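Observations on chain architecture
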Amino acid sequence: MPVTYKKIASVTVGAGGAASIDLTSIPATYTDIHCVFSIRGSQAQVYQQIQITFNNSATGYSQRNLYGDGSGAFSSALSGNFFYSDGVGANATASTFGNGSIYVPNYAGSTNKSASLDAVTENNATTAYTQLYALLWSNTAAITSLKITAGSGTLNQHSTAVLYGISKS
Amino acid sequence: MTATYENIATTTLGSAQTTVSFTNISQSFTDLRLVINDVKTTSSARNVFIRVGNGSIDSGSNYSHTNLGARALSATPFSDRQSNQTSGKLSWYTAATTAHPQMSVVDLLNYSNTTTNKTFISNSRTAPGDGTYSGVEVLVILWRSTSAINYLDVFTDVADSFASGSTFTLYGIKAE
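Only a predicted model underlies this, so the values are computations on that prediction, with no experimental measurement involved. (Residues numbered from 1 in each chain as written. Chains lettered and ligands numbered in written order. Predicted model: local features only at pLDDT ≥ 70, side-chain atom pairs only at ≥ 80, totals over all residues. Heavy atoms only, no water.)

**Considering the overall build of chain A**
Worth spelling out the cut-off: The numbering of helices and of strands both runs from the N terminus, where a helix is a DSSP run of H or I of at least 4 residues and a strand a run of E of at least 2. With the radius of gyration taken over C-alpha atoms, the globule rule is written as 2.2 Å times the number of residues to the power 0.38. For every residue, the accessible area obtained with a 1.4 Å probe (protein chains only) is divided by the maximum for its type, and the residue is called buried under 20%, exposed over 50%, and partly exposed between those limits. Note on contacts: a residue pair is in contact if any heavy atoms of the two residues lie within 4.5 Å.
Within chain A one finds 0 helices and 12 strands. Secondary structure of chain A in N-to-C order comes out as β-β-β-β-β-β-β-β-β-β-β-β. Whereas a compact globule of 169 residues would reach a radius of gyration of roughly 15 Å, chain A reaches 16 Å, a difference of no more than 12%. Seen along its three principal axes, the alpha-carbon backbone of chain A occupies a region of about 45 × 35 × 35 Å. Residue burial in chain A is summarised as follows: out of 169 residues, 49% are buried. Long-range pairs, those at least 24 residues apart, make up 76% of the contacts in chain A with a sequence separation of at least 6.

Here it is in C-alpha coordinates:
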(Lines give C-alpha, C1' and ligand atoms only; values in the text may rest on other atoms or scores of the structure.)
Protein backbone atom coordinates (compact mmCIF):
# COMPACT_ATOMS: atom_id res chain seq x y z
CA MET A 1 0.00 0.00 0.00
CA PRO A 2 1.76 3.17 -1.09
CA VAL A 3 1.74 6.04 1.35
CA THR A 4 0.28 9.08 -0.37
CA TYR A 5 -0.36 11.31 2.64
CA LYS A 6 2.64 11.74 4.87
CA LYS A 7 3.46 14.02 7.75
CA ILE A 8 6.37 16.32 6.95
CA ALA A 9 6.46 18.21 10.24
CA SER A 10 4.39 19.12 13.26
CA VAL A 11 4.76 21.79 15.90
CA THR A 12 3.00 22.18 19.24
CA VAL A 13 3.57 25.41 21.11
CA GLY A 14 4.87 24.87 24.61
CA ALA A 15 4.45 26.72 27.89
CA GLY A 16 4.89 30.45 27.57
CA GLY A 17 3.67 30.61 24.00
CA ALA A 18 5.60 31.39 20.83
CA ALA A 19 5.86 34.22 18.35
CA SER A 20 5.26 31.89 15.42
CA ILE A 21 5.00 28.34 14.18
CA ASP A 22 7.63 27.70 11.53
CA LEU A 23 7.43 24.69 9.25
CA THR A 24 10.74 24.71 7.45
CA SER A 25 12.85 22.63 5.08
CA ILE A 26 9.83 21.43 3.13
CA PRO A 27 11.14 18.93 0.57
CA ALA A 28 10.11 19.31 -3.08
CA THR A 29 9.30 15.62 -3.40
CA TYR A 30 5.52 15.78 -3.03
CA THR A 31 2.77 16.83 -5.40
CA ASP A 32 0.84 19.01 -2.96
CA ILE A 33 1.12 20.12 0.66
CA HIS A 34 -1.63 20.42 3.24
CA CYS A 35 -1.27 22.23 6.57
CA VAL A 36 -3.82 21.77 9.35
CA PHE A 37 -3.60 24.13 12.30
CA SER A 38 -5.26 24.82 15.64
CA ILE A 39 -4.43 28.26 17.00
CA ARG A 40 -5.26 30.48 19.96
CA GLY A 41 -3.65 33.89 20.28
CA SER A 42 -2.70 36.02 23.25
CA GLN A 43 -4.38 39.29 22.38
CA ALA A 44 -7.09 40.43 24.80
CA GLN A 45 -9.79 40.07 22.15
CA VAL A 46 -12.35 37.44 21.26
CA TYR A 47 -11.01 37.26 17.70
CA GLN A 48 -7.62 38.08 16.33
CA GLN A 49 -5.87 37.82 13.03
CA ILE A 50 -3.89 34.76 11.98
CA GLN A 51 -1.21 35.45 9.38
CA ILE A 52 0.43 32.96 7.03
CA THR A 53 3.48 33.47 4.83
CA PHE A 54 5.61 31.29 2.56
CA ASN A 55 9.41 31.29 2.39
CA ASN A 56 9.52 34.23 4.84
CA SER A 57 8.46 36.42 1.94
CA ALA A 58 6.58 39.66 2.63
CA THR A 59 5.22 40.28 -0.85
CA GLY A 60 2.81 38.87 -3.39
CA TYR A 61 -0.16 37.75 -1.29
CA SER A 62 -3.74 38.24 -2.43
CA GLN A 63 -6.97 36.60 -1.33
CA ARG A 64 -10.72 36.57 -1.86
CA ASN A 65 -12.91 35.27 0.92
CA LEU A 66 -16.46 34.20 1.64
CA TYR A 67 -17.35 34.16 5.30
CA GLY A 68 -20.27 33.95 7.68
CA ASP A 69 -20.41 35.38 11.18
CA GLY A 70 -23.61 33.78 12.37
CA SER A 71 -25.81 36.64 11.22
CA GLY A 72 -24.93 37.10 7.56
CA ALA A 73 -22.66 36.02 4.72
CA PHE A 74 -20.05 38.35 3.24
CA SER A 75 -17.19 38.49 0.77
CA SER A 76 -14.11 40.65 0.62
CA ALA A 77 -10.66 40.79 -0.97
CA LEU A 78 -7.24 41.73 0.35
CA SER A 79 -3.71 41.91 -0.97
CA GLY A 80 -0.57 42.57 0.99
CA ASN A 81 2.27 41.09 2.95
CA PHE A 82 0.60 37.89 4.15
CA PHE A 83 -2.51 35.72 3.98
CA TYR A 84 -4.84 36.19 6.89
CA SER A 85 -7.85 34.61 8.53
CA ASP A 86 -9.71 35.30 11.74
CA GLY A 87 -8.73 33.19 14.72
CA VAL A 88 -9.53 33.30 18.42
CA GLY A 89 -7.88 35.47 21.04
CA ALA A 90 -7.53 35.41 24.78
CA ASN A 91 -11.09 36.58 25.44
CA ALA A 92 -12.73 33.68 23.58
CA THR A 93 -14.33 30.78 25.45
CA ALA A 94 -11.63 29.12 27.55
CA SER A 95 -9.79 26.15 26.03
CA THR A 96 -11.24 26.92 22.61
CA PHE A 97 -9.00 27.21 19.58
CA GLY A 98 -9.59 28.37 16.02
CA ASN A 99 -8.91 25.77 13.36
CA GLY A 100 -7.84 25.97 9.76
CA SER A 101 -6.60 24.06 6.77
CA ILE A 102 -4.51 25.37 3.88
CA TYR A 103 -4.02 23.24 0.78
CA VAL A 104 -1.36 24.17 -1.78
CA PRO A 105 -1.33 22.21 -5.06
CA ASN A 106 1.91 22.07 -7.06
CA TYR A 107 3.75 23.89 -4.27
CA ALA A 108 7.16 23.06 -5.75
CA GLY A 109 6.32 24.14 -9.28
CA SER A 110 7.65 27.17 -11.13
CA THR A 111 4.34 28.98 -11.45
CA ASN A 112 2.55 31.35 -9.10
CA LYS A 113 0.93 29.41 -6.26
CA SER A 114 -2.83 29.25 -5.89
CA ALA A 115 -4.21 27.68 -2.74
CA SER A 116 -7.32 27.27 -0.64
CA LEU A 117 -7.76 28.11 3.03
CA ASP A 118 -10.70 27.09 5.17
CA ALA A 119 -10.80 28.44 8.72
CA VAL A 120 -13.32 28.41 11.54
CA THR A 121 -13.83 29.82 14.98
CA GLU A 122 -16.47 29.04 17.56
CA ASN A 123 -17.17 30.88 20.78
CA ASN A 124 -20.54 29.69 22.04
CA ALA A 125 -21.67 33.30 21.75
CA THR A 126 -23.29 35.66 19.31
CA THR A 127 -20.50 35.78 16.75
CA ALA A 128 -18.33 33.07 15.23
CA TYR A 129 -16.69 32.77 11.85
CA THR A 130 -16.80 30.22 9.07
CA GLN A 131 -14.36 31.31 6.39
CA LEU A 132 -13.45 30.09 2.90
CA TYR A 133 -10.53 31.68 1.06
CA ALA A 134 -9.07 31.59 -2.42
CA LEU A 135 -5.38 32.45 -2.17
CA LEU A 136 -2.74 33.49 -4.65
CA TRP A 137 0.94 33.90 -3.89
CA SER A 138 2.44 35.68 -6.89
CA ASN A 139 5.83 34.02 -6.68
CA THR A 140 7.28 31.29 -8.88
CA ALA A 141 9.65 29.90 -6.25
CA ALA A 142 9.07 26.48 -4.77
CA ILE A 143 7.60 26.71 -1.29
CA THR A 144 10.18 25.57 1.23
CA SER A 145 8.73 26.99 4.43
CA LEU A 146 5.43 28.07 5.93
CA LYS A 147 5.06 30.43 8.88
CA ILE A 148 1.99 31.05 11.03
CA THR A 149 1.83 34.03 13.37
CA ALA A 150 -0.89 35.68 15.43
CA GLY A 151 -0.37 39.14 14.00
CA SER A 152 -0.01 41.18 17.13
CA GLY A 153 0.65 39.03 20.16
CA THR A 154 1.84 35.45 20.43
CA LEU A 155 0.49 31.96 19.88
CA ASN A 156 -0.74 30.32 23.06
CA GLN A 157 0.44 27.05 24.50
CA HIS A 158 -1.17 24.00 22.83
CA SER A 159 -1.47 25.74 19.47
CA THR A 160 -0.50 23.19 16.84
CA ALA A 161 0.23 22.87 13.14
CA VAL A 162 0.78 19.71 11.12
CA LEU A 163 2.13 19.76 7.57
CA TYR A 164 1.41 16.85 5.26
CA GLY A 165 2.87 16.01 1.89
CA ILE A 166 0.60 14.42 -0.67
CA SER A 167 1.97 12.33 -3.53
CA LYS A 168 -0.18 11.42 -6.48
CA SER A 169 1.33 7.95 -6.58
CA MET B 1 5.96 3.39 6.34
CA THR B 2 2.48 3.43 7.80
CA ALA B 3 -0.77 4.31 6.11
CA THR B 4 -2.04 7.58 7.56
CA TYR B 5 -5.67 7.38 6.43
CA GLU B 6 -7.37 4.32 7.87
CA ASN B 7 -10.95 3.11 7.71
CA ILE B 8 -12.08 2.60 11.31
CA ALA B 9 -15.65 1.52 10.57
CA THR B 10 -18.30 1.72 7.88
CA THR B 11 -22.06 1.43 8.27
CA THR B 12 -24.36 1.14 5.27
CA LEU B 13 -27.96 1.04 6.34
CA GLY B 14 -29.94 -1.97 5.16
CA SER B 15 -33.12 -0.47 6.58
CA ALA B 16 -34.24 2.85 8.02
CA GLN B 17 -32.43 3.79 11.22
CA THR B 18 -32.68 6.77 13.55
CA THR B 19 -29.12 6.84 14.88
CA VAL B 20 -25.76 5.60 13.66
CA SER B 21 -23.25 5.06 16.45
CA PHE B 22 -19.49 4.60 16.57
CA THR B 23 -18.21 3.36 19.89
CA ASN B 24 -14.87 2.58 21.48
CA ILE B 25 -13.10 4.71 18.88
CA SER B 26 -9.36 4.17 18.95
CA GLN B 27 -7.32 7.00 20.44
CA SER B 28 -4.31 6.28 18.25
CA PHE B 29 -5.05 8.78 15.48
CA THR B 30 -4.45 12.50 15.23
CA ASP B 31 -7.79 13.45 13.65
CA LEU B 32 -11.00 11.70 12.69
CA ARG B 33 -12.86 12.13 9.41
CA LEU B 34 -16.51 11.10 9.15
CA VAL B 35 -17.81 10.73 5.61
CA ILE B 36 -21.59 10.61 5.28
CA ASN B 37 -22.76 9.67 1.83
CA ASP B 38 -26.00 9.22 -0.05
CA VAL B 39 -28.03 10.20 3.00
CA LYS B 40 -31.77 10.49 2.56
CA THR B 41 -34.47 10.73 5.19
CA THR B 42 -37.65 8.69 5.39
CA SER B 43 -40.38 11.32 5.62
CA SER B 44 -39.32 14.98 5.43
CA ALA B 45 -36.39 17.30 4.89
CA ARG B 46 -34.28 17.01 8.01
CA ASN B 47 -31.11 18.30 9.65
CA VAL B 48 -28.30 15.92 10.45
CA PHE B 49 -26.88 16.10 13.98
CA ILE B 50 -23.83 14.88 15.86
CA ARG B 51 -23.19 14.07 19.49
CA VAL B 52 -19.95 12.81 20.94
CA GLY B 53 -18.59 11.76 24.29
CA ASN B 54 -16.14 9.79 26.34
CA GLY B 55 -17.50 6.48 27.54
CA SER B 56 -21.01 7.63 26.68
CA ILE B 57 -22.73 10.20 24.52
CA ASP B 58 -22.92 13.75 25.88
CA SER B 59 -26.43 15.16 25.38
CA GLY B 60 -25.86 18.19 27.60
CA SER B 61 -26.06 21.78 26.35
CA ASN B 62 -22.41 21.81 25.35
CA TYR B 63 -22.62 22.26 21.61
CA SER B 64 -22.66 25.36 19.42
CA HIS B 65 -22.45 25.77 15.69
CA THR B 66 -22.16 28.42 12.97
CA ASN B 67 -22.94 27.87 9.31
CA LEU B 68 -22.14 29.49 5.98
CA GLY B 69 -23.80 28.43 2.78
CA ALA B 70 -26.17 28.88 -0.10
CA ARG B 71 -29.22 26.88 -1.12
CA ALA B 72 -31.81 26.73 -3.85
CA LEU B 73 -34.43 28.71 -1.93
CA SER B 74 -32.62 32.05 -2.35
CA ALA B 75 -29.82 33.63 -4.33
CA THR B 76 -28.50 35.22 -1.14
CA PRO B 77 -25.90 33.26 0.88
CA PHE B 78 -26.62 32.84 4.57
CA SER B 79 -24.95 32.47 7.93
CA ASP B 80 -26.58 31.60 11.22
CA ARG B 81 -25.57 30.18 14.56
CA GLN B 82 -26.83 28.61 17.78
CA SER B 83 -25.24 28.30 21.23
CA ASN B 84 -25.78 25.94 24.17
CA GLN B 85 -27.37 23.22 22.05
CA THR B 86 -27.75 19.57 23.03
CA SER B 87 -26.19 18.46 19.74
CA GLY B 88 -24.17 19.90 16.89
CA LYS B 89 -25.58 20.32 13.39
CA LEU B 90 -23.71 18.74 10.49
CA SER B 91 -26.22 20.23 8.06
CA TRP B 92 -28.84 22.83 8.74
CA TYR B 93 -30.28 24.99 5.97
CA THR B 94 -29.27 22.40 3.37
CA ALA B 95 -31.26 19.54 4.85
CA ALA B 96 -31.25 15.97 3.67
CA THR B 97 -34.52 15.07 1.96
CA THR B 98 -36.43 11.95 0.99
CA ALA B 99 -35.44 12.29 -2.67
CA HIS B 100 -32.24 14.30 -2.84
CA PRO B 101 -29.26 12.75 -1.08
CA GLN B 102 -26.81 14.65 1.04
CA MET B 103 -23.12 14.02 1.56
CA SER B 104 -20.95 15.51 4.28
CA VAL B 105 -17.27 15.33 5.14
CA VAL B 106 -16.76 16.04 8.82
CA ASP B 107 -13.32 16.58 10.35
CA LEU B 108 -12.97 16.08 14.11
CA LEU B 109 -9.66 17.69 14.86
CA ASN B 110 -7.29 16.56 17.60
CA TYR B 111 -10.14 14.48 18.99
CA SER B 112 -8.15 12.59 21.60
CA ASN B 113 -6.50 15.47 23.41
CA THR B 114 -7.58 16.24 26.96
CA THR B 115 -6.55 19.88 27.00
CA THR B 116 -8.74 21.77 24.55
CA ASN B 117 -12.40 21.96 23.63
CA LYS B 118 -13.11 20.11 20.38
CA THR B 119 -13.92 21.68 17.03
CA PHE B 120 -15.54 19.86 14.11
CA ILE B 121 -15.85 21.15 10.56
CA SER B 122 -18.68 19.84 8.41
CA ASN B 123 -18.58 20.35 4.65
CA SER B 124 -22.02 19.37 3.40
CA ARG B 125 -23.73 19.20 0.01
CA THR B 126 -27.35 18.39 -0.84
CA ALA B 127 -27.78 17.19 -4.41
CA PRO B 128 -29.42 19.50 -6.97
CA GLY B 129 -33.10 19.10 -7.69
CA ASP B 130 -34.82 20.21 -4.51
CA GLY B 131 -36.19 23.74 -4.79
CA THR B 132 -35.44 24.57 -1.17
CA TYR B 133 -32.69 22.45 0.33
CA SER B 134 -30.26 21.66 -2.51
CA GLY B 135 -27.08 23.54 -1.83
CA VAL B 136 -23.71 23.97 -0.20
CA GLU B 137 -23.05 24.45 3.50
CA VAL B 138 -20.02 24.61 5.77
CA LEU B 139 -20.46 24.47 9.53
CA VAL B 140 -18.14 24.78 12.49
CA ILE B 141 -19.26 22.87 15.56
CA LEU B 142 -17.82 23.37 19.04
CA TRP B 143 -18.12 20.73 21.74
CA ARG B 144 -17.23 22.43 25.00
CA SER B 145 -15.40 19.60 26.66
CA THR B 146 -11.76 18.77 27.11
CA SER B 147 -12.52 15.05 27.23
CA ALA B 148 -11.15 12.77 24.55
CA ILE B 149 -13.77 11.53 22.10
CA ASN B 150 -14.39 7.80 21.83
CA TYR B 151 -18.17 7.77 21.25
CA LEU B 152 -19.95 9.38 18.33
CA ASP B 153 -23.62 9.42 17.29
CA VAL B 154 -25.10 10.75 14.06
CA PHE B 155 -28.86 11.19 13.90
CA THR B 156 -31.64 13.15 12.27
CA ASP B 157 -34.56 15.03 13.71
CA VAL B 158 -36.85 13.30 16.16
CA ALA B 159 -39.57 11.28 14.44
CA ASP B 160 -37.53 10.65 11.35
CA SER B 161 -34.84 8.23 10.22
CA PHE B 162 -32.02 7.84 7.77
CA ALA B 163 -33.19 5.85 4.76
CA SER B 164 -31.81 2.51 3.69
CA GLY B 165 -28.63 2.93 1.68
CA SER B 166 -27.27 5.84 3.71
CA THR B 167 -23.57 5.26 4.34
CA PHE B 168 -21.42 6.40 7.26
CA THR B 169 -17.66 5.85 7.28
CA LEU B 170 -15.27 6.87 10.02
CA TYR B 171 -11.60 7.28 9.11
CA GLY B 172 -8.61 7.86 11.35
CA ILE B 173 -5.86 10.19 10.15
CA LYS B 174 -2.47 9.70 11.67
CA ALA B 175 0.21 12.39 11.57
CA GLU B 176 3.27 10.26 11.07
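**Looking at the overall build of chain B**
To keep it simple, the criterion reads: Computed with the Shrake-Rupley method and a 1.4 Å probe, the accessible areas treat only the protein chains shown as cover for residues.
A tally of regular secondary structure across chain B gives 0 helices and 12 strands. Its C-alpha atoms give chain B a radius of gyration of 16 Å, near enough to 16 Å, the size a compact globule of 176 residues would have. Seen through its principal axes, chain B has C-alpha atoms that stretch 45 × 35 × 35 Å. Expressed as a percentage of its 176 residues, the buried residues of chain B come to 52%. For chain B, contacts bridging at least 24 residues in sequence account for 76% of all contacts bridging at least 6. Accessible surface, chain B: about 6500 Å² in total, of which carbon and sulfur atoms supply 45%.

**Focus: the sheet that holds strand β2 (residues 19-22) of chain B**
Residue and element names in this part refer to chain B. The test is simple: Here the rule is simple: two strands pair whenever DSSP picks up at least two bridges between them. A fitted line through C-alpha atoms represents every axis, and for helices the fit uses only the stretch in contact; the resulting angles, taken between N-to-C directions, go from 0 to 180 degrees.
What the 4 strands build is an open sheet, ordered β2-β11-β4-β7; its pairing is antiparallel. Each edge of the open sheet is held by one strand with a lone partner, namely β2 and β7 (88-96). Along the sheet, successive strands turn relative to each other by an average axial angle of 15°, direction set aside. Where strand β4 (residues 46-53) meets strand β11 (residues 151-156), 6 bridges bridge the pair, whose relative direction is antiparallel. Considered in β11, the bridge of Ile-50 is made with Val-154.

**Section: the interface of chain B and chain A**
Condition: Buried area: the sum, over both parts, of the accessible surface (1.4 Å probe) that disappears when the two are put together. In the sections that follow, a salt bridge refers to a side-chain nitrogen of Lys or Arg positioned within 4 Å of a carboxyl oxygen of Asp or Glu. Whenever a nitrogen or oxygen atom comes within 3.5 Å of another N or O atom, the pair is scored as a polar contact, on the condition that within protein one atom can donate a hydrogen and the other can accept it, and that pairs from neighbouring residues in sequence are kept only if both atoms are in side chains.
Facing 35 residues of chain B, the contacting portion of chain A comprises 36 residues. Carbon and sulfur atoms supply 64% of the area that chain B and chain A bury against each other, a total of about 2600 Å² over both sides. Contact with chain A buries area across many residues of chain B, yet Leu-68, Ser-79 and Arg-81 of chain B alone supply 20% of it, more than any other trio. Viewed at the interface, chain A and chain B are joined by 1 salt bridge. Between chain B and chain A we count 14 residue pairs in polar contact (both at pLDDT 80 or more) in total. When contributions to the side of chain B that touches chain A are tallied by element, the ones reaching two or more residues are β5 (63-71), β6 (81-85), β9 (118-126) and β10 (135-143) of chain B. Among the elements that take part in the side of chain B that touches chain A, β5 of chain B stands out by supplying 6 residues, more than any other.

**Quick look at the side chain of Ser-64 of chain B**
For Ser-64 of chain B, the location among the structural elements is in strand β5. Side chain to side chain, Ser-64 of chain B and Glu-122 of chain A meet in a polar contact 3.0 Å long.

**Re the pattern of salt bridges**
In this structure the tally under the stated criterion is 4 salt bridges over all chains. Among the ionic pairs, Glu-122 of chain A bridges to Arg-81 of chain B, the shortest N-O distance being 2.7 Å. Residue Glu-122 of chain A is found in the loop between β9 (113-120) and β10 (130-137), and its partner Arg-81 of chain B is found in strand β6; the two belong to separate chains. The exposure class of Glu-122 of chain A is buried, given its relative accessible area of 1%. The salt bridge involving Arg-33 of chain B is made with Asp-107 of chain B; its shortest N-O contact spans 2.8 Å. Of the two residues, Arg-33 of chain B is situated in strand β3 (residues 31-39) and Asp-107 of chain B in strand β8 (residues 102-108); the sequence distance between them amounts to 74 residues.

**Details of the sheet that holds strand β2 (residues 20-23) of chain A**
In any sheet, the strands associate via hydrogen bonds between backbone groups, in a parallel or an antiparallel arrangement. Residues and elements named next belong to chain A. Spatially, 4 strands are ordered β2-β11-β4-β7 in an open sheet, and the strand pairing comes out antiparallel. Strands with a single pairing partner mark the edges of an open sheet, and in this sheet they are β2 and β7 (83-88). Recorded for the sheet is a direction-independent mean angle of 20° between the axes of neighbouring strands. Strand direction decides the pairing type here: strand β4 (residues 47-54) and β7, joined by 6 bridges, are antiparallel. Directly across from Ile-50, in β7, lies its bridge partner Ser-85.

**Digging into the pairing of β5 of chain B**
Consecutive side chains of a regular strand alternate in pointing toward one face of the sheet and then the other. Residue and element names in this part refer to chain B. Burial of β5 is extensive: 7 of the 9 residues sit out of reach of the surface. Examined bridge by bridge, β5 and β6 share 3 bridges and lie antiparallel to one another. Within β6, the residue paired with Thr-66 across the bridge is Arg-81. Note: β5 against β10, 9 bridges, orientation antiparallel. Across the sheet, the residue bridging to Ser-64 is Leu-142, located in β10.

Geometric descriptors of this kind do not, in isolation, establish any biological role.
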